[in-house]
Amino acid sequence: FSLPVELEVLDLTLPDTDLGKTMVYVSDPERRFVTKTAGLRTEFRFMAHQHRFQTVECVGFDQLDAYKPFLTGEAYVESNSYRGPGQGIGHSVFAVDMYGVSTFGKTEPEWRTAADKWVLWFKENAPKVLPFLYLEDEPGEKRFPELKTWASWIHNNPGPGKALPVFLTKEPQPGLDGAIDIWATVADRVHLKDVQARSAK
């Protein structure tokens, strides 16, 4: 039994820069993998970059200088043992306080100071990257009042921290209107007729 196969090869190459922003969370590879190497996280980042998506991780402010080459693209060059597409191109997004704010403090002045610090670092060191504040992961409705308060501390900041977008893993909710800048939800909860109106906001 055989089937005829006809293959058309197009003279095209995918661009090194992608129109969409993607991210995949890397969670504890050192703990999860039996075979451990010193560069395990770098290997994950390289693999993702070769397949045209980006990793996000729990990276603290004090770790940013070490992480910076992945944001700027300096890590993704052959002299650093990287081979593949996107040579010299860094990440386009960065999650601040992954899976819920834990380092911003308890008060509005503390939040303003923390947000200012993050925004200024990215402005000075990785201006092409979009940092966003990962406010909380899939909260229930009881959490909405406090989340709105926290988001207002960012949006009402008179300093540079006002530019830090607020991100939430939740489908758009009327109870959080105006509080969230970036909604992250599963595909079957995205209502296309609402996308344009929400994007306009």
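Residues numbered from 1 in each chain as written. Predicted model: local features only at pLDDT ≥ 70, side-chain atom pairs only at ≥ 80, totals over all residues. Heavy atoms only, no water.

A. Local environment of the overall build of the protein. Helices and strands together make up the secondary structure of the protein, namely six helices and six strands. Across the protein, helices and strands are ordered from the amino to the carboxyl terminus as β-α-α-β-α-β-α-β-α-β-β-α. Looking at the protein as a whole, 36% of its 201 residues are labelled buried. In the protein, the share of contacts with a sequence separation of at least 24, taken over all contacts with a separation of at least 6, comes to 64%. Counting every atom, the protein has about 12900 Å² of accessible surface; 55% of that belongs to carbon and sulfur. Averaging the positions of the 23 positive and the 28 negative side-chain charges in the protein gives two centres separated by 5 Å. (Helix = DSSP H or I, 4+ residues; strand = E, 2+ residues; numbered from the N terminus. Buried < 20%, exposed > 50% of the residue type's maximum accessible area, 1.4 Å probe, protein only. Contact = heavy atoms within 4.5 Å. Areas by Shrake-Rupley, 256 points an atom, 1.4 Å probe, with all protein chains shown as cover. Lys, Arg positive; Asp, Glu negative; His and termini not counted. Charge placed at Lys NZ, Arg CZ, Asp CG, Glu CD.)

B. Up close: the environment of Arg32. Secondary-structure assignment places Arg32 in helix α1 (residues 29–32). A residue is classified by how much of its surface remains accessible, and Arg32, at 51% relative accessible area, is exposed. Through-space distance from the C-alpha of Arg32 to that of Ala95 is 22 Å; in sequence the pair is 63 residues apart.

C. The arrangement of the packing of aromatic side chains in detail. Counted under the stated rule, the structure contains 17 aromatic pairs. Between Tyr67 and Phe70, the ring centres sit 5.8 Å apart and the planes meet at 35°, which makes this aromatic pair tilted. Residue Tyr67 and its partner Phe70 are located together in helix α3 (residues 64–72), separated by three residues, close to a single helical turn. Residue Tyr67 shares its accessibility class with Phe70, and that shared class is buried. Ring geometry for Trp111 and Trp153: centres 5.6 Å apart, planes at 75°, overall edge-to-face. Placement of Trp111 in helix α4 (residues 108–125) and of Trp153 in helix α5 (residues 144–155) is noted, with a sequence separation of 42 residues between them. Three or more aromatic residues joined by ring pairs make a cluster, and in this case those are Phe46, Phe61, Tyr67, Phe70, Tyr76, Tyr82, Phe94, Trp118, Trp121 and Phe122. Positioned over the ring face of Phe70 is Arg45, at 4.4 Å from the centre of the ring. It is Lys117 that lies over the ring of Phe61; its NZ or CZ is 4.6 Å from the centre. (Phe/Tyr/Trp six-rings, centres within 6.5 Å; stacked < 30°, edge-to-face > 60°. Lys NZ or Arg CZ within 6 Å of the ring centre and 35° of its normal.)

D. Looking closely at unusual backbone geometry. Its identity as a non-glycine residue notwithstanding, Ser81 has a phi of 70°, on the positive side. Mapped onto the fold, Ser81 is located in the loop between α3 and β3 (93–96). Taking the relative accessible area as the measure of exposure, Ser81 reaches 53% and is therefore exposed. We note that Tyr99 has phi near 65°; this positive angle belongs to a residue other than glycine.

E. Representation of the layout of surface pockets. In this structure, the largest pocket occupies an estimated 580 Å³ of space. What lines the largest pocket is a set of 19 residues, and nearest its centre among them are Pro172, Trp183, Val195, Arg198 and Ser199. Among the elements of the structure, β6 (182–184) and α6 (192–200) are those that each provide at least two residues to the lining of the largest pocket. It is α6 that contributes the most residues to the lining of the largest pocket, four residues altogether. Taken together, the residues of the lining of the largest pocket break down into eight nonpolar, four polar and seven charged. If you trace the second largest pocket, you find 25 residues lining it, with Gln54, Ile89, Gly90, His91 and Ser92 closest to the centre. Among the residues forming the lining of the second largest pocket, the class breakdown is eight nonpolar, 12 polar and five charged. (1 Å grid on protein atoms, 1.4 Å probe; cavity = no way out; pocket = protein on both sides within 12 Å on 5 of 7 lines; lining within 4 Å. Points joined across faces, edges and corners; volume = space filled by probe spheres on them. Nonpolar A, V, L, I, M, F, W, Y, C, P; charged D, E, K, R; others polar.)

Any functional reading would require information beyond the geometric quantities listed.
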